[in-house]
Amino acid sequence: MSAAADPPGGGPRPAASRAGRFWDRLGHLGYGADYNPEQWPPGVWREDMKLMREAGVNMVSVAIFGWAQLEPRPGHYEFGWLDEVLGLLHENGISACLATATASPPPWLARLYPQTLPETADGTRLMPGSRQHFCPSSPEYRAAAAALVERLARRYSAHPALAVWHVGNEFGCHVPACYCDRSAADFRRWLRDRYGDLDTLNERWSTAFWSQRYGEWEEIGVPRRMPAFANPAQQLDFARFCSDALLACFTAEREILRSITPGIPVTTNFLSLWKPVDFFAWAPHQDVIAHDSYPDPLDPATVSDAAFNYDLMRSLGGGRPWILMEQAPSAVNWRGHNAPKPPGVMRLWSYQALARGADAIMFFQWRASAGGAEKFHSALLPHGGTATRTWREASALGRELRKLGELRGTRVRADVAIMLDWPSWWALEQDSHPSQALLLTDQLRAHYKPLWEASIAADVVHPESSLAGYRLVVVPNLYLVTVQAVTGLHDYVSGGGHLLMSFFSGIVDENDRVRLGGYPAPFTDLLGLRIGEFWPLAPGVRAGAEFHDGQDRFTASFWADAIELAGAEPVASYRDGELSGVPALTRHRFGDGLAWYLGTRPGEAAMRRIVLAAARAAGAGPPVPGLPPGVEAVRRAGPRGSYLLLLNHSGDQADIGLPVPMADLLGAPGPRARILLPARGVAVLREPSHPKEP
Ligand code: GLA
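Residues numbered from 1 in each chain as written. Predicted model: local features only at pLDDT ≥ 70, side-chain atom pairs only at ≥ 80, totals over all residues. Heavy atoms only, no water.

> Is there a simple way to explain the overall build of the protein chain in this structure?
On a plain count of helices and strands, the protein chain comes out with 18 helices and 26 strands. In terms of C-alpha radius of gyration, the protein chain reaches 26 Å, essentially the compact-globule figure of 26 Å for 694 residues. Looking at the protein chain as a whole, 59% of its 694 residues qualify as buried. Within the structure as shown, the protein chain displays about 26,100 Å² of accessible surface, and the carbon and sulfur contribution to it stands at 52%. Positive and negative side-chain charges of the protein chain, numbering 67 and 73 respectively, have mean locations separated by a distance of 6 Å. (Helix = DSSP H or I, 4+ residues; strand = E, 2+ residues; numbered from the N terminus. Rg over C-alpha atoms; globule rule 2.2 N^0.38 Å. Buried < 20%, exposed > 50% of the residue type's maximum accessible area, 1.4 Å probe, protein only. Areas by Shrake-Rupley, 256 points an atom, 1.4 Å probe, with all protein chains shown as cover. Lys, Arg positive; Asp, Glu negative; His and termini not counted. Charge placed at Lys NZ, Arg CZ, Asp CG, Glu CD.)

> Hey, could you run me through the layout of surface pockets in this one?
Gaps between atoms show up when a probe of the same size as a water molecule is rolled over them. Taken as a whole, the largest pocket spans an internal volume of roughly 810 Å³. Around the largest pocket sit 35 residues that line it, and S272, D292, Y294, W334 and R335 are the ones nearest its centre. For the lining of the largest pocket, the secondary structure elements donating two or more residues are helix 11 (302-316) and helix 15 (440-453). No other element matches the six residues that helix 11 contributes to the lining of the largest pocket. Among the residues forming the lining of the largest pocket, the class breakdown is 14 nonpolar, nine polar and twelve charged. Lining the lining of the largest pocket are residues from two domains, each supplying at least three of them: domain 1 (16-179 + 222-412) and domain 2 (416-618). Lining the second largest pocket are 21 residues, and of these Q39, F65, S104, S130 and R131 sit closest to its centre. Grouping the constituent residues of the lining of the second largest pocket by class yields eight nonpolar, ten polar and three charged. (1 Å grid on protein atoms, 1.4 Å probe; cavity = no way out; pocket = protein on both sides within 12 Å on 5 of 7 lines; lining within 4 Å. Points joined across faces, edges and corners; volume = space filled by probe spheres on them. Nonpolar A, V, L, I, M, F, W, Y, C, P; charged D, E, K, R; others polar. Domains from an automatic or database assignment.)

> Please clarify how a nonpolar patch on the surface should be interpreted in this entry.
Taken together, the side chains of F209, W210 and F229 make up a nonpolar region of the molecular surface, amounting to roughly 370 Å² of accessible area. Residue placement: F209 occurs in the loop between helix 8 (198-204) and helix 9 (232-260). On the accessibility criterion, F209 (47% relative accessible area) is partly exposed. (Patch = residues over 30% accessible without salt bridge, like charges linked within 9 Å, V, L, I, M, F, W, Y side chains within 5 Å. Salt bridge = Lys/Arg side-chain N within 4 Å of Asp/Glu carboxyl O.)

> Explain the side chain of S378 to me, please; I cannot follow it from the model alone.
Here S378 shows up in the loop between strand 9 (358-363) and helix 13 (389-401). A polar atom in the side chain of S378 sits 2.8 Å from the backbone nitrogen of S330. For S378, the contacting residues outside a window of four places in its chain are A328, P329, S330, A331, F364 and Q365. (Polar contact = N/O pair within 3.5 Å; in protein donor to acceptor, adjacent residues only side chain to side chain. Contact = heavy atoms within 4.5 Å.)

> Would you take a moment to explain the state of the cysteines for this structure?
The bond known as a disulfide is covalent and runs between the sulfur atoms of two cysteines. Inspection of every chain in the model, using the stated rule, returns zero disulfides. Cysteine C97 remains unbridged, with the sulfur of C173 as its closest cysteine sulfur at 17 Å. Cysteine C173 is unpaired, with the sulfur of C249 as its nearest cysteine sulfur at 15 Å. (Disulfide = S-S within 2.5 Å.)

> Can you help me understand the packing of helix 12 (residues 345-355) against helix 13 in this one?
Between two packed helices, what matters for the description is the angle formed by their axes and the separation of those axes. Taken N-terminus to C-terminus, the directions of helix 12 and helix 13 make an angle of 35 degrees; their axes are 10 Å apart at the nearest point. Of the two possible hands of crossing, helix 12 and helix 13 adopt the one that is right-handed. Note on element contacts: helix 13 touches helix 12 through E393, A394, L397, E400 and L401, opposite M346, R347, S350, Y351 and L354. When its residues are assigned to classes, the contact of helix 12 with helix 13 shows six nonpolar, one polar and three charged. (Axes fitted to C-alpha atoms, helices over the stretch in contact; angles between N-to-C directions. Left-handed = near helix turned anticlockwise from the far one by under 90°.)

> Looking at this model, I keep getting lost on helix 7 (residues 181-195). Mind explaining?
What sets the pattern is the α-helix's 3.6 residues per turn: residues three or four places apart point alike. Taking 1.5 Å as the rise per residue, helix 7 with 15 residues should run 21 Å; its terminal C-alpha atoms sit 21 Å apart, in good agreement. Every buried residue of helix 7 is listed here: S183, A184, D186, F187, R188, W190, L191 and Y195. Its buried side turned inward, helix 7 meets helix 6 (139-156), helix 8 and helix 9. Note on helix 7: the residue one or two positions beyond its end, G196, has a positive phi of about 80 degrees. (Expected span 1.5 Å × (residues − 1).)

> Could you clarify how one ought to interpret the environment of H90 in this entry?
Along the polypeptide, H90 turns up in helix 4 (residues 80-91). With relative accessibility at 40%, the residue H90 sits in the partly exposed group. Apart from the residues lying within four places of it in its own chain, the contact partners of H90 are H159, P160 and A161.

> Quick question: what am I supposed to make of the domain arrangement of the protein chain here?
How big an interface is tends to be expressed through the accessible area that disappears when the partners come together. When its domains are assigned, the protein chain resolves into domain 1 (16-179 + 222-412), domain 2 (416-618) and domain 3 (631-687). Once you take the C-alpha centre of each, domain 1 and domain 3 turn out to be 31 Å apart. Facing 27 residues of domain 1, the contacting portion of domain 3 comprises 19 residues. Buried surface at the junction of domain 1 and domain 3, both sides included, amounts to about 1,900 Å², of which 60% is carbon and sulfur. Summed over the shared surface of domain 1 and domain 3, the number is three salt bridges. We note a salt bridge from E632 to R356, for which the minimum N-O separation is 2.7 Å. Taken together, the links from domain 1 to domain 3 amount to eleven residue pairs in polar contact (both at pLDDT 80 or more). Tallying contributions element by element places helix 12 first for the side of domain 1 that touches domain 3, with eight residues. Looking at the side of domain 1 that touches domain 3 residue by residue, the class counts come to 14 nonpolar, five polar and eight charged. (Buried area = accessible area lost by both parts, 1.4 Å probe.)

> Quick question: what am I supposed to make of the sheet that holds strand 1 (residues 30-35) here?
Think of a sheet as strands paired side by side through backbone hydrogen bonds, with each pair either parallel or antiparallel. In space, the nine strands of this open sheet follow the order 5-4-3-2-1-9-8-7-6, with parallel pairing throughout. A strand with exactly one partner marks an edge of an open sheet, and here the two such strands are strand 5 (266-267) and strand 6 (269-270). The sheet contact formed by strand 6 and strand 7 (residues 290-292) spans two bridges and is parallel. Note on strand 7: the bridge partner recorded for F270 is H291. Strands strand 1, strand 2 (59-62), strand 3 (95-99), strand 4 (162-166), strand 8 (322-326) and strand 9 of the sheet are contacted by helix 1 (residues 14-26), whose axis makes an angle of about 125 degrees with strand 4. (Pairing = 2+ DSSP bridges.)

> How do you make sense of the packing of helix 2 (residues 42-54) against helix 4 when you look at a structure like this?
Between helix 2 and helix 4, the shortest axis-to-axis distance is 10 Å and the interhelical angle comes to 20 degrees. Between helix 2 and helix 4, the crossing angle belongs to the class labelled roughly parallel. Judged by the sense of rotation from one axis to the other, the crossing of helix 2 with helix 4 is right-handed. Where helix 2 abuts helix 4, its residues P42, W45, R46, M49 and M52 lie against W81, E84, V85, L88 and L89. Of the residues that constitute the contact of helix 2 with helix 4, the class distribution is eight nonpolar, no polar and two charged. (Parallel < 35°, antiparallel > 145°, perpendicular 65-115°, else oblique.)

> Mind showing me how you'd approach the site of the ligand here?
What surrounds the ligand is the set F65, R131, N169, E170, D292, Y294, E326, W334, F364, E374 and H377. Here an oxygen atom of the ligand sits 2.9 Å away from a polar atom, N or O, in the side chain of R131. Here an oxygen atom of the ligand sits 2.4 Å away from a polar atom, N or O, in the side chain of E326. Its free accessible area being 300 Å², the ligand has 97% of it covered by the protein chains. The cavity where the ligand resides is the largest pocket. Here the residues of the shell around the ligand sort into four nonpolar, two polar and five charged. (Near = heavy atom within 4 Å. Sits in = over half its atoms within 2 Å of the grid points.)

Structure (structure tokens):
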């Protein structure tokens, strides 16, 4: 069930076959880490190889921050050390995820070309001495990066260790936007491409407002600091431009790599749900999706957030296997307070990624740095070496994953889709709205968590993707909608689909202009209602509400839509406050389908009830019934087998009855009808018969 499947009839895409060859070459599930040999003398490399073999490592990412060692002076390249490292990796049967090394330019670039340094909105120039100090629109940066990438690709094109290219690193992580004059000029070029002429831009940007009409392209700038609210359409287009400018850096490198090594897949590592980079726009440019995941052991919401990100990564790749490129073996160094992962948690969370479609489990990093800003970040091989808990757990996991090769290539099938759109996110969180506190990530979490708790699998879909095959589509706060998205949702529901949409959806078009005709104009017929006014509730104010079946009361907070029914039936209504008697949750039959609308933010228990009621009505459920609380279950299936992964996130042993006896690939031989899963325990069960591959 994928939004971005291979085109029908055309055979597999080149990207899919490049990726296919890569996965075949690994031969097992991938296991490894970022490897930074440039921080260590060569004598250490040999010990690294021995220990990598011991830990079941079959792939490492090399040279991510190696530019200054590869090109110590402009145009003077030193590849000897990397030759030796790649040779050692190959001799030891370890594949290289070879970085293009362009994420952190060497100091000489900034000395020779200070204009390569990025600027913040208030004009501060970000200096070298850290990393990612480049303006994506700088021609000098791009030229220097291209020269390095071409050299690397030519040198290693036929190297037997080369398995996959790793372009840059976490694009947009530290510098998501640059506001320098070069960026402004590039932004104007981007705007000309988008709008063609100034009259169109003036109209789309609503510049009749506040005397903003532009007479010359040169008058347009990036949204630096301004006296009051910047033009919302300008802000929105600047967000689009920034994502595109970074993407242009990625594709420029990818084109060089593709021309020299056409058979080697190219990827970059996506952060977790990262606002500045439109992953849906980037995903088609990746041969395989790769992700860096850093759940916080101190955050109780972290496990469901991680699950959401894994579902997103799987969905970005059209359901195909993805690489967990980085996770911490234990603590990170970059939060205010950095707790280790307690015993068993690294393994459990690694299996969570595997359950949700990853076929490679990797870490940052192999060996803990002795110096530098990340010396207190955990590593598979800590400062204490092999006599450490982290090493014991990591090397055991690497060996254990060797037992699970048969899972490779199997896929997760989801009945539910949750809709997400970056431009809508950018527009939703702009200033001068009914509430400044409306954050999409809060809303996504509130809608997703009940699905995760109930082990109901969900894909994450773009609003313009096909919704065919999903039983339920959940649409949290889709503020900006295109005509195509509106049509797609109408067709989906009228054709029998179920929809759960929440407040402040369908409000504006692609330029943040209100879709006129009464809120939410594109969906009033579909939802059978209108919204008279948005009614944000003051911080701390709660409105009592009640389900009409008399079963439950709940409190709503933060926001209330003043819903006027026009065909929909109320499912829950406010019982006090200014909106007493007004519906908070509605349901409307539309064609052969059903559309739910939630006009507020209920407490967690009520949200669970609402999401699960919508899922039940749509016929979406978990892969096995009756799971104890805290146990996550995901099915991965393929033509050759079907597997149930059970993960116990609770602090207690879980007793799980299975509908039919199954073999636990990690446990004692023989089929079992009942699994006793210890706290933080994992089971990987082979199902005797299985539904058809998605
Ligand atoms: C990111 C980067 C790595 C490293 C880790 C530390 O994921 O890609 O280079 O800095 O964070 O957690």
